[in-house]
Amino acid sequence: MNSTSRRRFLEVALAAQAAEIAVAHQHARTAASSRTPVLVMLGAAEARELEALASQIIPSASSPGAREAGVIYFIDKALETFDREKREAYRRGLEAAQVKRRELFPASESIAALDGGQHIALLRAIESTEFFGLLRTHTVMGFLGNPEYGGNRDLIGWKLIGFEDAARFEPPFGYYDREERR
Amino acid sequence: MSVRFRPSDTVDFVVIGSGAAGGVVAKELSSAGLRVVVLEQGPHLREKDFTHDEIKFFHRGVLVNDLKRQPNTFRKTEAEKAVRQPAVMYGRQVGGGTVHFTANFWRLHEVDFEERTRWGSVPGASLDDWPIRYAELEPYYTKVEQEFGVSGLAGASPFDPPRSQPYPLPPLPVKSGGVLFERAARKLGLHPYPAPMAILSKPYRGRGACTQCGYCKHFGCEVRAKSSSLASVIPMAERTGRCEIRAESYVRKIEVNAQGRVTGAVYFDSRGKEVFQKARAVVVCANGAETPRLLLLSKSSRFPNGLANSNGVAGKYFLADTGIEAHGLFEHPLNDYKGVHVSRLIHDYYDSDAKRGFFGGGGIDARFDWYPINFALDGLPKDVPRWGEGFKSALARYFTRSMTLLAHTSCLSVESNSISLDPELKDSWGLPALRLTFKNHPDDLNVQRFLRDRMVEILEAAGAQKIWADDAEDLVYTGHLMGSCRMGNDPRTSVVNGNHRAHDVPNLFLVDGSSFVTSGRQQPTCTIAALAYRAAEFMVQASRKGEV
Ligand SMILES: Cc1cc2nc3c(=O)[nH]c(=O)nc-3n(C[C@H](O)[C@H](O)[C@H](O)COP(=O)(O)OP(=O)(O)OC[C@H]3O[C@@H](n4cnc5c(N)ncnc54)[C@H](O)[C@@H]3O)c2cc1C
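Residues numbered from 1 in each chain as written. Chains lettered and ligands numbered in written order. Predicted model: local features only at pLDDT ≥ 70, side-chain atom pairs only at ≥ 80, totals over all residues. Heavy atoms only, no water.

Broken down by element type, chain A carries nine helices and zero strands. Reading chain A from its N terminus to its C terminus gives the helix and strand order α-α-α-α-α-α-α-α-α. For chain A, buried positions account for 43% of its 182 residues. In chain A, of all internal contacts separated by at least 6 residues, the share reaching a separation of at least 24 is 63%. As displayed, chain A offers around 9,500 Å² of accessible surface, 53% of which is attributable to carbon and sulfur atoms. (Helix = DSSP H or I, 4+ residues; strand = E, 2+ residues; numbered from the N terminus. Buried < 20%, exposed > 50% of the residue type's maximum accessible area, 1.4 Å probe, protein only. Contact = heavy atoms within 4.5 Å. Areas by Shrake-Rupley, 256 points an atom, 1.4 Å probe, with all protein chains shown as cover.)

Moving on, we come to the side chain of T142 of chain B. All names here are of chain B. Inspection of the secondary structure puts T142 in helix α4 (residues 134-149). For T142, a relative accessible area of 9% translates into the label buried. When residues no more than four places from it in sequence are discounted, the contact partners of T142 are R107, S164 and Q165.

Turning next to the packing of aromatic side chains. For the structure on display, the rule yields 35 aromatic pairs over all chains. Seen in terms of ring centroids, F101 of chain B and F105 of chain B are 6.2 Å apart; in terms of plane orientation they differ by 85 degrees. Their pairing is edge-to-face. Summarising the burial analysis for this pair, F101 of chain B and F105 of chain B share the class buried. Ring geometry for Y215 of chain B versus Y371 of chain B: centroids 5.5 Å apart, planes at 20 degrees, classification stacked. Taken as a pair, Y215 of chain B in the loop between β5 (193-194) and α6 (233-239) and Y371 of chain B in the loop between β12 (362-367) and α8 (372-378) lie far apart in primary sequence, 156 residues in all. In this structure, Y215 of chain B and Y371 of chain B share a single accessibility class: buried. One aromatic cluster is present, built from ring pairs that chain together W158, F163 and F169 of chain A together with Y337, F368, W370, F375 and F399 of chain B. Over the aromatic face of F391 of chain B sits the side chain of R136 of chain A, whose NZ or CZ is 4.9 Å from the ring centroid. (Phe/Tyr/Trp six-rings, centres within 6.5 Å; stacked < 30°, edge-to-face > 60°. Lys NZ or Arg CZ within 6 Å of the ring centre and 35° of its normal.)

Backbone-to-backbone hydrogen bonds join strands into a sheet, with any given pair of strands oriented parallel or antiparallel. All names here are of chain B. Here we have six strands laid out as an open sheet, ordered β5-β11-β12-β13-β10-β16, and antiparallel in their pairing. The open sheet is flanked by β5 and β16 (466-469), the only strands paired with a single partner. Taken together, the six bridges between β12 and strand β13 (residues 402-409) define a ladder with antiparallel strand orientation. By the bridge assignment for β13, A366 is matched with L405. Relative to the sheet, helix α5 (residues 176-187) contacts β11 (342-346), β12 and β13, its axis offset from that of β11 by approximately 15 degrees. Its contacts with the sheet put helix α9 (residues 389-401) on β10 (323-329), β13 and β16, and the angle it makes with β13 is roughly 55 degrees. (Pairing = 2+ DSSP bridges. Axes fitted to C-alpha atoms, helices over the stretch in contact; angles between N-to-C directions.)

The next point concerns the pairing of strand β1 (residues 11-16) of chain B. Residue and element names in this part refer to chain B. Counting buried residues along β1, six of its six residues qualify, which places the element largely inside the surrounding structure. Sheet analysis places β1 next to strand β9 (residues 274-284), joined by five bridges and oriented parallel. For F13, the partnering residue across the bridge sits in β9 and is A281. Alignment of β1 against strand β2 (residues 36-39), held across four bridges, turns out to be parallel.

This part takes up the nonpolar core. Residue and element names in this part refer to chain B. Formed by 183 residues in total, the largest nonpolar core has its most connected members in I16, L29, V283 and L508. Per element, the largest residue contribution to this core is 10 residues, and it comes from helix α11 (residues 525-544). Within the second largest apolar cluster, 30 residues are counted, among which are V179, L190, Y349 and L451. (Core = buried A, V, L, I, M, F, W, Y, C linked by side-chain atoms within 4.5 Å.)

Looking now at the sheet that holds strand β3 (residues 72-75) of chain B. All names here are of chain B. Taken in spatial order, the four strands make up an open sheet running β4-β3-β15-β14, and their pairing is mixed. Lying at the two open borders of the sheet, with one neighbouring strand each, are β4 (83-84) and β14 (418-426). Sheet topology note: the β14/strand β15 (residues 432-437) ladder contains five bridges and is antiparallel. Across the sheet, the residue bridging to S420 is R435, located in β15. Most of the contacts of helix α7 (residues 287-297) go to β14, to which it runs at about 60 degrees, and overall it touches β14 and β15.

Attention now moves to the site of the ligand. Residues and elements named next belong to chain B. Near the ligand lie 39 residues; those nearest to it are A21, E40, G97, N104 and T525. One nitrogen or oxygen atom from the main chain of A20 is found 3.0 Å from an oxygen atom belonging to the ligand. The side chain of Q523 places a nitrogen or oxygen atom 3.0 Å from a nitrogen atom of the ligand. Alone, the ligand offers 990 Å² of accessible surface; in the complex the protein occludes 95% of this. Among the secondary structure elements, those contributing two or more residues to the shell around the ligand are α1 (20-31), β7 (250-256), α7 and α11. (Near = heavy atom within 4 Å. Polar contact = N/O pair within 3.5 Å; in protein donor to acceptor, adjacent residues only side chain to side chain.)

This part is about the interface of chain A and chain B. Frequently, the measure chosen for interface size is the accessible area that the parts lose on association. With 53 residues of chain A in contact, the opposing surface of chain B contributes 48 residues. Together chain A and chain B conceal approximately 4,400 Å² of surface at their shared face, both sides included; 63% is due to carbon and sulfur atoms. Contact with chain B buries surface across chain A, with R136, F173 and Y176 of chain A losing the most and accounting together for 18% of the total. Salt-bridge contacts for R183 of chain B lead to E179 of chain A; the nearest nitrogen and oxygen are separated by 2.8 Å. Where chain A packs against chain B, one counts 24 residue pairs in polar contact (both at pLDDT 80 or more). Looking at the side of chain A that touches chain B, the elements that each hand over two or more residues are α1 (3-34), α2 (44-57), α6 (116-126), α7 (130-144), α8 (156-161) and α9 (175-181) of chain A. In terms of residues, the side of chain A that touches chain B owes the most to one element, α1 of chain A, which gives eight residues. (Buried area = accessible area lost by both parts, 1.4 Å probe. Salt bridge = Lys/Arg side-chain N within 4 Å of Asp/Glu carboxyl O.)

All names here are of chain B. Counting buried residues in β15 gives six out of six residues, a clear majority hidden from the surface. Relative to β15, β3 runs parallel, the two being bridged by four bridges. Each bridged residue has a counterpart across the sheet, and for F74 the counterpart in β15 is L436. Where β14 hands over to β15, the hairpin turn is made up of five residues, of which G430 adopts a positive phi near 85 degrees.

Residues and elements named next belong to chain B. Applying the stated criterion across every chain yields a total of zero disulfides over all chains. Residue C285 stays outside any disulfide, its sulfur separated by 11 Å from that of C243, the closest cysteine. Relative accessible area serves as the criterion here: at 6%, C285 is assigned to the buried category. Of all cysteine sulfurs in the structure, the one in C285 sits closest to C526, which takes part in no disulfide; the separation is 16 Å. Overall, C526 belongs to the buried group, its relative accessible area being 0%. (Disulfide = S-S within 2.5 Å.)

On average, residues of chain B score 98 in pLDDT, and 100% of them are at 70 or above. Interface confidence for the predicted complex, expressed as ipTM, amounts to 0.95; the pTM equals 0.96. (pLDDT = per-residue confidence, 0-100.)

It is worth spelling out α6 of chain A at this point. Residues and elements named next belong to chain A. Taken together, the buried positions of α6 are occupied by H119, L122, L123 and I126. Angular distribution of buried residues about the axis of α6 spans 100 degrees; they occupy a single face of the element. In α6, the exposed positions that point more than 90 degrees away from the buried face belong to G117 and R124. Where α6 is buried, its residues contact α2, α5 (87-104) and α7. The opening residue of α6, the one whose side-chain oxygen lies 3.2 Å from the backbone nitrogen of G117, is D115. (Arc of directions from axis to C-beta.)

Put into structure tokens, the structure is as follows:
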């Protein structure tokens, strides 16, 4: 093979490789979102309470939020796999949040049953705790991480922020570099 | 299948670490006919291992040192007791930090090698000249650019040092952030230019061109477009048939004989079993943090203070990754998450300037090295709500419309800034943990404040709707690791000579960021690789003459 045709061959081979990667990506994504999610680690009641808190962090009023993205399934999976050592922090954090709730709203039954204003008051009361920091991090991860982890269902999070995960992009990428080409 | 040596075979060289320096040294020595075993503590990964997964690669950091198994401790001054916290970050696999780095890749300037002569001394610092000059390193910089594959535009910056060859590849595409930066910088009379990157803008030597996917920093490249040593020189070393890359081999000690010469290295294999690999000479390329640590771990009756440390200098004068960021929000989407992170750069403020009243300078680059999760957690201005509708709507607005400017700045050499062994904490193999003692020289922070103001000017001239900037703060956690076994002509104040040979031990060489005498303006890896080519050439000549 002479050097020009060899180069040509490599370009084609590499483009094919990139295309395969793109297909594999897409496949993983579809598989991830078609599975019906199940909770493994969290109990149903506990999950409901945590989801109520997470959906204050990324609410659903204007467009789909933490709840629709399935953040709770991400948290469940994280506590079951790579963040196993955070289980205790969750258990204690949620307990403390319940104490706070009863203190603020003695008549209330659960976090999930609070109304909008009460939710906000409760979050204000716990927003500087370590547990809130952890829950916020996990909520963001579940909203904006790969769907393979159980959250970001239908790429809700990525669509909101305008992010796309692709094997390849072509310039122009944005408004100003497009403007520069004209 | 590459060659396999037995531990009892006395190979010519054992190379410890396989990053920018180790990869080059292994390739050069084996290409010259020498038999080499590279001992690398991390795994040997392949392109299929590199996926787009922010949680895995960024937040769980699977390509960097695992602080659960190899913890660090940190203190600001020698008077304090160090506490357990992250202090150093480096790539921990075959290819080291070149696998997951951002790939900013520029040469030092001529001034960097002789700042002491040109500027004079700085109170509270140990500013020194290097024992070599830019002109001596220039041919090796050229070799690095050719063999790794670097994209850039020669002559585009009036501040660039002289070069004998253009970059082998043209610049990568400019991004919207780069366009805004370039327009603003020109308006201000500055000299923006395409950032030189160790990323292929075109297919090169059997490797694929960048696909602009945007996953660079903290990620491995699945199309081998990032010019890591894993993608470039390490396969060349293996193809010689004389170099074995032995992954998952964590060196705990370099052994010496009664004559004070090194005889090989003891390491833990993947199952935790101790193995002794014999060698005629040892090259330590374990980086600016682990190289001094390994010397200090290699105490013997002959070297009670640690190997090659009769003067007590090993580990001292540590130089770190100083810098400061400013950010801007713009009217239209930039989508700067696409493409390589950095597309434009200025070096107008690189040199020190006596008129500023302090030592130091830096470059400023236009970048977006954020991913969705870490942007949401750390990328928004402080006045944005941390939760609720306000948080959510800010995410929707800011992610595609923001850019970051980074001023990468000088870090002065201070004797008490050091790598040492923690007296109490141990790693999972029972070895003393790495302890960092570090407090910035006041001029490190002065230069950051100065450049923060310049970045704000640039963002204003670029028409940003909103601008926010970091505060200049003492560094506690660093990814550029330099200076801790510095080179020099004076055996009392340096660890290796100008050819990277340990002053104390004739058949021991130290080559990596630890050899640096000054920090330059960060982005040390191009220089680390150039030093490695030059050092390896010396090792080959010396071993041919029987002088190793
Ligand atoms: C997030 C991040 C981004 C970066 N971006 C840039 C950039 O844009 N531009 C730039 O110039 N630099 C960048 N750097 C720095 C760059 O990664 C380093 O400068 C470069 O990798 C250093 O090369 P080295 O050969 O000195 O050491 P390393 O690349 O760190 O290689 C040392 C190797 O030795 C191994 N090792 C250490 N101790 C032992 C032991 N006891 N036994 C066996 N093996 C051992 C390590 O596992 C590692 O693989 C970045 C760093 C980080 C963390």
